[in-house]
Amino acid sequence: MSSSGGGKAIVAAFLANIGIALAKFVAWFFSGSASMLAEGIHSLADSGNQLLLLFGGRRSRRSADQEHPFGYGRERYVYAFVVAIILFSVGGLFSIYEGVEKLTHPHELDHVWLAVLVLVVAICLEGFSLRTAIHESAPHKQRGESWFAFIRHAKAPELPVVLLEDTAALTGLVFALLGVGLSWLTGDPVFDAIGTLMIGTLLILVAITLGVETKSLLVGEGARPADLTAIVAAIQDGPEIRRVIHIKTLYLGPDELLVAAKLAFASDGPLATIAHDIDAVEARIRAAVPIARVIYLEPDLYRPDADHAPPTEAVILKSED
């Protein structure tokens, strides 16, 4: 997996979740707490999600072939979307169901101390996992960018997924601790059921957020504004072209950007000279934005009254002396 994939964060989250899930199921078995069962299912689903992210990262590295000439980079988006569905269905809906069940058929909790102990240990482990995810994400976060903006705009899906999962896991553990603790102190199991419902609602909200953001990447997103500006500047940073007629960009994967542009060249330039100029422009684009690996530049003449395709991202007129 590429450096932008956050492999360490995924492995750390997987190891933490698989151990936490086992501990939660043991605590649920002895205490009968619905919150512990919901949290156990949550951690188990998270463990499966991390495996899916690792598997998706591995498959995305396959070389391009005739069937997929632009490669398999967007498979990472597919598996991230599957993770959102699993988190919604397995984690969120099950927790809601279990909470409603315990509200309608409440029962006393046993061995509550064990559930509380497991929850406290789980909070520590999840805190370590979240710390690792933050550390892995920091180099990919723009200066001055909020964490919410990073999750919304990141092109590598693994880091936002792990960040949201770990944050949801920590919050869910606090909900579970409150539910179990209040049930223990008051002797009323309704608090445990309410904690379970809160966990389910949290997971559904996180799953919807992940689904919406990953769907946007699946449909196809263009370059960040800063990268687009750098690409246009690189194109114009030379004497070859007179005008950018229109330009389009598309992420083929988190680490691969497609750039397609129609450029106006001088009308009297020979073909060999134009071909050489296009090579020079491509080199400048790759130097300015290294992830711009697939570049198609079409030479043309600028005809203001011609029926050119409308620009989708930028039309820039190069100043002439």
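Residues numbered from 1 in each chain as written. Predicted model: local features only at pLDDT ≥ 70, side-chain atom pairs only at ≥ 80, totals over all residues. Heavy atoms only, no water.

Engineer: Break down the confidence of the model for the chain for me, citing the residues and quoting the values.
Structural biologist: Looking at the chain as a whole, the pLDDT averages 82, with 92% of positions reaching at least 70. Predicted confidence for residues 311-321 stays below pLDDT 50, and this span has 29 contacts to residues more than four positions away or in other chains. (pLDDT = per-residue confidence, 0-100. Contact = heavy atoms within 4.5 Å.)

Engineer: Help me get a handle on the side chain of Thr249, residues and values and all.
Structural biologist: Structurally, Thr249 is set in strand β1 (residues 241-253). Within the structure, the side chain of Thr249 is placed 2.9 Å from the backbone nitrogen of Ala223, a separation counted as a polar contact. (Helix = DSSP H or I, 4+ residues; strand = E, 2+ residues; numbered from the N terminus. Polar contact = N/O pair within 3.5 Å; in protein donor to acceptor, adjacent residues only side chain to side chain.)

Engineer: Tell me about the nonpolar core, and name the residues and values.
Structural biologist: One finds Leu53, Val162, Val206 and Leu210 to be the most contacted residues of the largest nonpolar core, which totals 42 residues. Elements supplying a minimum of two residues to this core: α1 (7-31), α2 (34-60), α3 (75-104), α4 (112-137), α5 (147-153), α6 (158-186) and α7 (190-219). In terms of residues, this core owes the most to one element, α6, which gives 10 residues. Sequence-distant contacts of Val162, that is, excluding residues within four places in its chain, are made with Ala9, Ile10, Ala13, Leu53 and Ala133. Listed in part, the 25 residues of the second largest apolar core include Leu217, Leu257, Val281 and Ile285. (Core = buried A, V, L, I, M, F, W, Y, C linked by side-chain atoms within 4.5 Å. Buried < 20%, exposed > 50% of the residue type's maximum accessible area, 1.4 Å probe, protein only.)

Engineer: Tell me about the pairing of strand β3 (residues 292-300), and name the residues and values.
Structural biologist: Relative to β3, strand β2 (residues 256-265) runs parallel, the two sharing eight bridges. The partner of Lys262 across the bridge, within β3, is Glu298. Taken together, β2, helix α9 (residues 271-288) and β3 constitute a β-α-β crossover, and its handedness is right-handed. (Pairing = 2+ DSSP bridges. Right-handed = clockwise from strand over helix to strand, strands pointing away.)

Engineer: Quick one: what's the story with the packing of aromatic side chains, residue by residue and with numbers?
Structural biologist: Counted according to the given criterion, the structure contains three aromatic pairs. Relative to Phe30, the ring of Phe29 lies with its centre 5.4 Å away and its plane at 90°, an arrangement referred to as edge-to-face. Judged by its relative accessible area of 63%, Phe29 falls in the exposed class. A residue is classified by how much of its surface remains accessible, and Phe30, at 42% relative accessible area, is partly exposed. Consider the rings of Trp147 and Phe150, whose centres lie 5.8 Å apart with planes at 85°: the pair is edge-to-face. Here Trp147 pairs with Phe150, and both are found in helix α5, just three residues apart, close to one helical turn. Stacked on the ring of Trp147, the Lys or Arg Lys141 has its end atom at 5.0 Å from the ring centre. (Phe/Tyr/Trp six-rings, centres within 6.5 Å; stacked < 30°, edge-to-face > 60°. Lys NZ or Arg CZ within 6 Å of the ring centre and 35° of its normal.)

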